[in-house]
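Structural overview
Given next are the chains, with one letter for each unit.
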Amino acid sequence: MFAQHFQERLQEGNQHFLAQEYFEALNAYNEVLAQDTKNAEAYLRRGLTFRKIGDSERYLQDFQKVAKLDPDMLLRYRAGRSYFPANLQEDKQTEILYW
């Protein structure tokens, strides 16, 4: 039950990100990370959000956490293979997929 709730919160964060509602996205990702400090996907998404709002320090910190928790995730992300749900991988939304 908790896992489903946090997956929903990640998806809500994605929707906020795509709507350029970055602080709402951060709130969603922070909620997940408050309960699961080893969630590399949430760190990845939060890092992207920090990048969008110009917080380079926190962006780099989150990407370093991803590298420690799940190096393969970061490598695939950097290679252009995202962990975002398929409905977010449309051409018009590539900004969320690549840095």
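Residues numbered from 1 in each chain as written. Predicted model: local features only at pLDDT ≥ 70, side-chain atom pairs only at ≥ 80, totals over all residues. Heavy atoms only, no water.

The geometry of helix H4 (residues 56-69) relative to helix H5 (residues 71-78) is characterised by a closest axis approach of 5 Å and an angle of 120° between their N-to-C directions. Compared by their axis directions, H4 and H5 come out oblique. Facing H4, whose interface residues are Phe63, Val66, Ala67, Lys68 and Leu69, H5 presents Pro71, Met73, Leu74 and Tyr77. (Axes fitted to C-alpha atoms, helices over the stretch in contact; angles between N-to-C directions. Helix = DSSP H or I, 4+ residues; strand = E, 2+ residues; numbered from the N terminus. Parallel < 35°, antiparallel > 145°, perpendicular 65-115°, else oblique. Contact = heavy atoms within 4.5 Å.)

The subject of this paragraph is unusual backbone geometry. Backbone geometry places glutamine 20, a non-glycine residue, at a positive phi of 60°. Looking at the secondary structure, you find glutamine 20 in the loop between helix H1 (2-18) and helix H2 (22-35).

This brings us to the confidence of the model for the chain. With 77% of its residues at a pLDDT of 70 or more, the chain has an overall mean of 83. Of all helices and strands in the chain, the one with the weakest mean pLDDT is H5 (82), whereas H2 scores best (97). The low-confidence segment residues 83-99, where pLDDT is below 50, has 40 contacts with residues more than four positions distant or belonging to other chains. (pLDDT = per-residue confidence, 0-100.)

All told, the structure shown has five salt bridges when counted by the stated rule. The partner of glutamate 41 in a salt bridge is arginine 45, with the nearest N and O atoms 2.2 Å apart. Residue glutamate 41 and its partner arginine 45 are located together in helix H3 (residues 40-52), separated by four residues, close to a single helical turn. Accessibility assignment for this pair places glutamate 41 and arginine 45 in one class, buried. The shortest N-O distance in the salt bridge between aspartate 62 and arginine 46 comes to 2.7 Å. In this pair, aspartate 62 is assigned in helix H4 and arginine 46 in helix H3, connecting sequence segments 16 residues apart. Across the pair, exposure class does not vary: aspartate 62 and arginine 46 are buried alike. Three or more residues joined by partner-sharing salt bridges are found here, namely Arg9, Glu12 and Glu31. (Salt bridge = Lys/Arg side-chain N within 4 Å of Asp/Glu carboxyl O. Buried < 20%, exposed > 50% of the residue type's maximum accessible area, 1.4 Å probe, protein only.)

Turning to the packing of aromatic side chains, a few remarks are in order. Counted according to the given criterion, the structure contains two aromatic pairs. Judged by centre distance (4.9 Å) and plane angle (50°), the rings of tyrosine 59 and phenylalanine 63 are tilted. Within this pair, tyrosine 59 and its partner phenylalanine 63 are both found in helix H4, separated by four residues, close to a single helical turn. Here phenylalanine 63 falls in the buried class, since its relative accessible area comes to 5%. (Phe/Tyr/Trp six-rings, centres within 6.5 Å; stacked < 30°, edge-to-face > 60°.)

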